[in-house]
Amino acid sequence: MSSTEGTIPAFMRHHRLPDSFRDIARDIYLPLIDWLDKKTECPLLLGINGCQGSGKSTLADFIAALQGARGRRVAVLSIDDFYLTRSEREQLAQTIHPLLQTRGVPGTHDLTLALQTLESLLSLSHGDTTSLPRFDKSSDDRAPLSQWPTIEGPIDMVILEGWCVGSRPQSADELTTPINALEKNEDSDGRWRQFVNDSLKNYQQLFGRLHTMVMLKAPDFSCVYRWRLEQEQKLAALRPDGSGVMSAEEIARFIQHYQRLTEANLVALPSHADVILELNHQHGIDRAQYS
């Protein structure tokens, strides 16, 4: 059995994935990995964009697993790993806007930490190690340094995945009209969305470092609620005490924080992505488009 043939079933068992994943891995993900292998940059900096629940983390972990089986070293980061601490977000909520207490939108990440981590990974030599930041969503705070995993250099690939990876700021006119009840009722003067948009301008320094962008493109924003609910149900199965698990009502409100940029990405990002994986409503992938 080849390393690839053995890695796929092991990966599926570890991540508790349905049998349908085997076809996606064979028909979509393996050709993508072969395409990435032809890139000359080393380490290759790969960005993966997709709305909540689209499968970004699964794809990133699968690429790392397959590349690892081939003897390559891959560092996987999520934009979520770089959230500001809970106390830092509380400070933003008090001084700028209450909605900034909720993690996720541009302006709630530690860009300095993200850039420092990337630079550290790029400079690793044989035998050198660095720690990868991690965020504990169950406590809504950055995990202690002792819980951060370490990786040894040199690195062949760095993957940065996240719902807003590659996102670009909107124009002033696009910010004017609220797009959902959250913006209408809790950001009536537009201060929150203006801060988010202004913050996103600073993220271009991080996104601009990426060599290649893959987009998991959902059919529309309506999928986000259903997919996010599925994620929470899986999380609930792992946490019988219910810690850190949101209710359906909480999810419905939560995703409104991300609706504006998610919908903007569905329109604008395909023209900037190198690979577009077109998802259907059943969470399958209809086709892959390469630029």
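Sequence positions are assigned chain by chain, starting from 1 and proceeding in written order. Under the rules for a predicted model, residues below a pLDDT of 70 receive no local features and side-chain atom pairs below 80 are neither given nor counted, while totals for whole chains, interfaces and linings still include all residues. In computing side-chain values, all of the structure's heavy atoms are included and hydrogens and water are not.

**Description of the state of the cysteines**
- When the sulfur atoms of two cysteines come within 2.5 Å, that pair is taken as a disulfide. This structure, assessed with the given rule, holds 0 disulfides.
- Here Cys-164 is not cross-linked by a disulfide; its sulfur's nearest cysteine counterpart is in Cys-51, at 13 Å.
- The cysteine Cys-223 is free of any disulfide, with Cys-51 supplying the nearest cysteine sulfur at 6.8 Å.

**A few points about the pairing of strand β7 (residues 157–162)**
- Classification of residues uses two cut-offs on accessible area relative to the type maximum, computed with a 1.4 Å probe and protein chains only: under 20% is buried, over 50% is exposed, and between them is partly exposed. Numbering of helices and strands starts at the N terminus; helices are DSSP runs of H or I of at least 4 residues and strands are runs of E of at least 2. Among the 6 residues that make up β7, 6 are buried, leaving the element largely enclosed by the rest of the structure.
- The side-chain alternation of β7 yields two buried faces, one formed by Met-157, Ile-159 and Glu-161 and the other by Val-158, Leu-160 and Gly-162.
- Paired strands are those between which DSSP finds at least two bridges. Note: strand β1 (residues 44–50) against β7, 6 bridges, orientation parallel. Residue pairing in the sheet places Leu-44 in a bridge with Met-157 of β7.

**Regarding the packing of helix α5 (residues 111–122) against helix α8 (residues 191–207)**
- Axis lines are fitted to C-alpha atoms, over the contacting stretch for helices. Their N-to-C directions set the angle, which ranges from 0 to 180 degrees. In the contact formed by α5 and α8, the axes pass within 10 Å of each other and the chain directions differ by 5°. Comparing the axis directions of α5 and α8 gives the class roughly parallel. When α5 is examined against α8, the residues Leu-111, Ala-114, Leu-115 and Leu-118 are found in contact with a partner set consisting of Asn-202, Tyr-203, Gln-205 and Leu-206.
- Under the scheme applied, nonpolar residues are Ala, Val, Leu, Ile, Met, Phe, Trp, Tyr, Cys and Pro; charged residues are Asp, Glu, Lys and Arg; polar residues are all the others, including Gly. Grouping the amino acids of the contact of α5 with α8 by side-chain chemistry returns 6 nonpolar, 2 polar and no charged. Note on terminology: angles under 35 degrees are roughly parallel, angles over 145 are roughly antiparallel, angles of 65 to 115 are roughly perpendicular, and the others are oblique. Residues count as neighbours in contact if any of their non-hydrogen atoms are within 4.5 Å of one another.

**Focus: the environment of Leu-279**
- Mapped onto the fold, Leu-279 is located in strand β9 (residues 275–279).
- In sequence terms Leu-279 and Gly-55 are 224 residues apart; their C-alpha atoms lie 9.8 Å from each other.

**Examining helix α4 (residues 86–95)**
- For α4, the set of buried residues is Arg-89, Leu-92 and Ala-93. The buried residues of α4 occupy an angular sector of 100° when the element is viewed end-on, so they sit on one face. Away from its buried face, by an angle of more than 90 degrees, α4 presents the exposed residues Gln-94 and Thr-95.
- Residues of α4 that are buried make contact with β4 (135–136), β5 (141–142) and α8. What the arc covers is the set of directions going from the helix axis to the C-beta atoms.

**Thoughts on α5**
- One fewer than the residue count of a helix, multiplied by 1.5 Å, yields its expected span. In this model α5 runs 17 Å from its N-terminal to its C-terminal C-alpha over 12 residues, within 8% of the 16 Å that 1.5 Å per residue would give.
- What α5 keeps buried is the set Leu-111, Leu-113, Ala-114, Leu-115, Thr-117, Leu-118 and Leu-121.
- Capping of α5 at its N-terminal end is provided by Asp-110; its side-chain oxygen lies 3.2 Å from the backbone amide nitrogen of Thr-112. Distance and chemistry together define a polar contact, namely a pair of N or O atoms within 3.5 Å, with one atom able to donate a hydrogen and the other to accept it when in protein, and with adjacent residues in sequence counting only for side-chain atoms on both sides.

**Some details on unusual backbone geometry**
- Put simply, Cys-42 and Pro-43 share a cis peptide bond, and its omega is 0°.
- One can find Pro-43 in the loop between α2 (20–37) and β1.
- Gly-153 connects to Pro-154 through a cis peptide bond whose omega is 0°.
- Of note, the phi angle at Arg-16 is positive, near 55°, even though the residue is not glycine.
- In this fold, Arg-16 is placed in the loop between α1 (3–15) and α2.
- Accessibility expressed as a relative area gives 63% for Arg-16, which makes it exposed.
- Even without being a glycine, His-283 presents a positive backbone phi close to 80°.

Any functional reading would require information beyond the geometric quantities listed.
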